[in-house]
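Reading the structure
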Amino acid sequence: MKPFNRLASVSEKDVEDDCDKIAAALGLVKLSTPVKLRGKRAGSHSTGQSKGIPDRFYRKPRWPKWFWIGVELKKPVGWKWSSDEQEALHAAGHTALAHSAEDLIAIVKEADRAWAVAQ
């Protein structure tokens, strides 16, 4: 019998919800980008955005208005890139990848350090 992997049962929606909660607790400004457009067939949909746009943009109120972090939210196990453009943006260092609220905390801390050094 295979051991139960608790992370395998975590969905991308769970990750989104957890990250939104922690972002609110941290006082982050959030821009949510996903827009689902219903298809003609039951259960089909597409997003109303350009390929590669990350799921969320976050910023701290004390950061400059133009300083946002693009974060792609993915479930911890069994995920894949939604598009080649999404993967390319991440590979180029333009987005961060979060599989959990803990990942988002680490991303924000790193951005905070980077912004402090840049000043």
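Further up the page is the structure itself.
First, a word on what this report is: a plain description of the structure on this page. (Residues numbered from 1 in each chain as written. Predicted model: local features only at pLDDT ≥ 70, side-chain atom pairs only at ≥ 80, totals over all residues. Heavy atoms only, no water.)

Structural notes on the overall build of the protein chain
Stated precisely, the cut-off is as follows: Helix and strand assignments follow DSSP, with helices taken as H or I runs no shorter than four residues and strands as E runs no shorter than two, numbered in order from the N terminus. Residue exposure (1.4 Å probe, protein chains only): buried if accessible area is under 20% of the type maximum, exposed if over 50%, otherwise partly exposed. Here, two residues are considered to be in contact whenever any of their heavy atoms come within 4.5 Å of each other. All accessibility values rest on the Shrake-Rupley procedure with a 1.4 Å probe; residue burial counts only the protein chains present in the view.
A tally of helices and strands in the protein chain yields three helices and six strands. Starting at the N terminus and walking to the C terminus, you meet the elements of the protein chain as α-β-β-β-β-β-α-β-α. By residue count, 30% of the 119 residues in the protein chain fall in the buried class. Here the contacts in the protein chain between residues at least 6 apart in sequence split such that 57% fall between residues at least 24 apart. Entry remark: accessible area of the protein chain is about 8,100 Å², with carbon and sulfur atoms responsible for 56%.

Thoughts on the pairing of strand β5 (residues 69-73)
Selection rule: Pairing between strands is defined by DSSP: at least two bridges between them are needed. Crossover handedness is defined by viewing with both strands directed away from the observer: a clockwise path from the first strand over the helix to the second marks the crossover as right-handed.
Of all five residues that make up β5, five are buried, and the element is covered over most of its length. Burial along β5 is two-sided: I69, V71 and L73 facing one way and G70 and E72 facing the other are all buried. Sheet analysis places strand β4 (residues 56-59) next to β5, joined by three bridges and oriented antiparallel. The partner of Y58 across the bridge, within β5, is I69. Sheet topology note: the β5/strand β6 (residues 96-98) ladder contains three bridges and is parallel. Each bridged residue has a counterpart across the sheet, and for E72 the counterpart in β6 is L97. In terms of handedness, the path from β5 via helix α2 (residues 84-91) over to β6 forms a crossover that is right-handed.

Remarks on the nonpolar core
Let me state the cut-off plainly: Working definition of a nonpolar core: buried Ala, Val, Leu, Ile, Met, Phe, Trp, Tyr and Cys residues. They are joined through side-chain atoms within 4.5 Å.
Core analysis: the largest hydrophobic core is formed by 17 residues, its most contacted members being Y58, W63, I69, V71 and L104. Secondary structure elements with two or more residues in this core: α1 (12-25), β5, β6 and α3 (101-118). With five residues, the top contributor of residues to this core is α3. Non-local contacts of I69, meaning those with residues more than four positions away in its chain, are made with R56, F57, Y58, W63, I107, V108 and A111.

Overview of the packing of aromatic side chains
The geometry of two aromatic rings is summed up by the distance between their centres and the angle between their planes. Formally: Here a Phe, Tyr or Trp ring, Trp counted by its six-membered ring, pairs with any other such ring whose centre lies within 6.5 Å, and the pair is stacked when the planes are under 30 degrees apart, edge-to-face when over 60, and tilted otherwise. Two conditions define a charge located above a ring, namely a distance within 6 Å from the ring centre to NZ of Lys or CZ of Arg, and an angle within 35 degrees of the ring normal.
Evaluated as defined, the whole model comprises five aromatic pairs. Between W66 and F67, the ring centres sit 6.0 Å apart and the planes meet at 85 degrees, which makes this aromatic pair edge-to-face. The exposure class assigned to W66 is exposed, which follows from its relative accessible area of 61%. The class of F67 is buried, set by a relative accessible area of 17%. Ring geometry for F67 versus W115: centroids 5.2 Å apart, planes at 40 degrees, classification tilted. Pair noted here: F67 is in the loop between β4 and β5 and W115 is in helix α3, with a separation of 48 residues, a long-range link. The pair F67 / W115 is uniform in exposure class, with both members buried. Through a chain of ring-to-ring contacts, three or more aromatic side chains come together here, namely W63, W66, F67 and W115. Sitting over the face of the ring of W68, R59 holds its NZ or CZ atom 5.7 Å from the ring centroid.

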